[in-house]
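Breakdown of the fold
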Amino acid sequence: MFLTRLIYVSTITDKFGTTSLEDILKVGRVNNTKNGITGMLCFKDEYFIQCLEGSRDAINQTYNKILTDERHSNVVMLEYTPIDVRDFNDWCMGYIPTSQFTDPLILKFSTSLPFNPYQLSGIGAHQLLLEFKKNFTSF
Ligand code: FAD
C-alpha cells in the first residue's frame, strides 16, 4: 500500500463554533493515531489548510469523512500524490494557528495579501507547510 500525501484547503461555515477547533483536533488526533495518519492542520482567518500522510486507504477514508463535515465547506484538494517519505512523522495532527502566519511568509507563497489559500498550488501549499515545520513549534 503506497504512502500517500493529500493537501486540501477549506473555509469554515456557520456550523463552526467556539469549541469546534478543539473538537476537531481532539477527534482527529485519536483517529489519525489509530489509522497511521500523520500531518498538519493550519487555521488562518476563516481558512483551513490540512496535509494528511498515510496509506492510500486511510487517507481516502479520512478525506471522505472530512469532505462531509458541515463545520467547513468549499473543500478543494490541492495535492494528492504517492510519496516515499513522510514529512510530518512526529505529528499525528500538528496544529499551526493564525498567529504563525506572518505577512512575509504569506507573500513568499502568494501573489498578494491578504492570505487566500485557494490561490496556492499543491507544491506551494506543501512548501508553506514545510516552512512551518522548520520555523515554528506545533501546538
Ligand atoms: P461521527 O462523530 O459519528 O460523525 C458523524 C458526522 O457528524 C460526520 O459528518 C462528522 O463530520 C459530523 N460531526 C462530528 N462531530 C461534529 C461536531 N462536533 N459538530 C458538527 N458536526 C460534527 N477527522 C479525522 O479523523 N482526522 C483528521 O485529520 C481530521 N481533520 C479534520 C479537519 C477539518 C478542517 C475538519 C472540519 C474536520 C476534520 N476531521 C478529522 C473530523 C472529521 O470530519 C470527522 O468529524 C471525524 O473524523 C469523525 O467522523 P465520524 O464519521 O467517524 O464520527
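Our subject in this report is the structure included herewith. (Residues numbered from 1 in each chain as written. Predicted model: local features only at pLDDT ≥ 70, side-chain atom pairs only at ≥ 80, totals over all residues. Heavy atoms only, no water.)

Side note on the site of the ligand
The test is simple: Any residue with a heavy atom lying within 4 Å of a molecule or strand is counted as near it. Under this definition, polar contacts are N or O atom pairs within 3.5 Å; protein pairs additionally need one hydrogen-donor-capable and one acceptor-capable atom, and for neighbouring residues in sequence, both atoms have to be side-chain atoms. Going along the chain from the N terminus, every DSSP run of H or I of four or more residues is numbered as a helix, and every run of E of two or more is numbered as a strand. In this classification, the charged set is Asp, Glu, Lys and Arg, the nonpolar set is Ala, Val, Leu, Ile, Met, Phe, Trp, Tyr, Cys and Pro, and all remaining amino acids, among them Gly, are polar.
The environment of the ligand is made up of 17 residues, and the closest members are Asn-31, Asn-32, Gln-50, Lys-65 and Asp-69. Between the ligand and the protein, one listed contact pairs an oxygen atom with a side-chain N or O atom of Gln-50 at 2.9 Å. Residue Asp-69 places a side-chain N or O atom 2.7 Å away from an oxygen atom belonging to the ligand. For the shell around the ligand, the elements supplying multiple residues, two or more each, are helix H1 (20–35), strand S3 (47–55) and helix H2 (56–67). Top element by residues in the shell around the ligand is H1. It accounts for five residues. Classifying every residue of the shell around the ligand gives seven nonpolar, seven polar and three charged.

Concerning the nonpolar core
Heads up, the condition is: As used here, the term nonpolar core means buried Ala, Val, Leu, Ile, Met, Phe, Trp, Tyr and Cys residues forming a set that is joined through side-chain atoms within 4.5 Å. Relative accessibility under 20% of the residue-type maximum defines a buried residue, over 50% an exposed one, and the middle range a partly exposed one, all with a 1.4 Å probe and only protein chains included. Here a residue-residue contact requires only that any non-hydrogen atoms of the pair lie within 4.5 Å.
Ile-49, Leu-128, Leu-129 and Phe-132 are the most contacted members of the largest nonpolar core, which has 20 residues in total. For this core, the elements supplying multiple residues, two or more each, are strand S1 (3–12), strand S2 (38–44), S3, helix H3 (103–109) and helix H4 (122–135). Ranked by residues supplied to this core, first place goes to H4 with four residues. Aside from chain neighbours lying at most four places away, what touches Leu-129 is Ile-7, Met-40, Cys-42, Ile-49, Cys-51 and Phe-88.

Focus: unusual backbone geometry
Cis geometry is found at the peptide bond from Leu-113 to Pro-114, where omega equals -5°. Its location among the elements puts Pro-114 in the loop between H3 and H4. With a phi angle near 55°, Asp-45 is a residue other than glycine that sits in the positive phi range. Positionally, Asp-45 belongs in the loop between S2 and S3. Since its relative accessible area comes to 40%, Asp-45 is described here as partly exposed. Of note in this structure, Asn-74 is not a glycine but carries a positive phi near 50°. Mapped onto the elements, Asn-74 comes out in strand S4 (residues 72–83). The partly exposed category is assigned to Asn-74, whose relative accessible area is 49%.

This is a description of form; function is not addressed.
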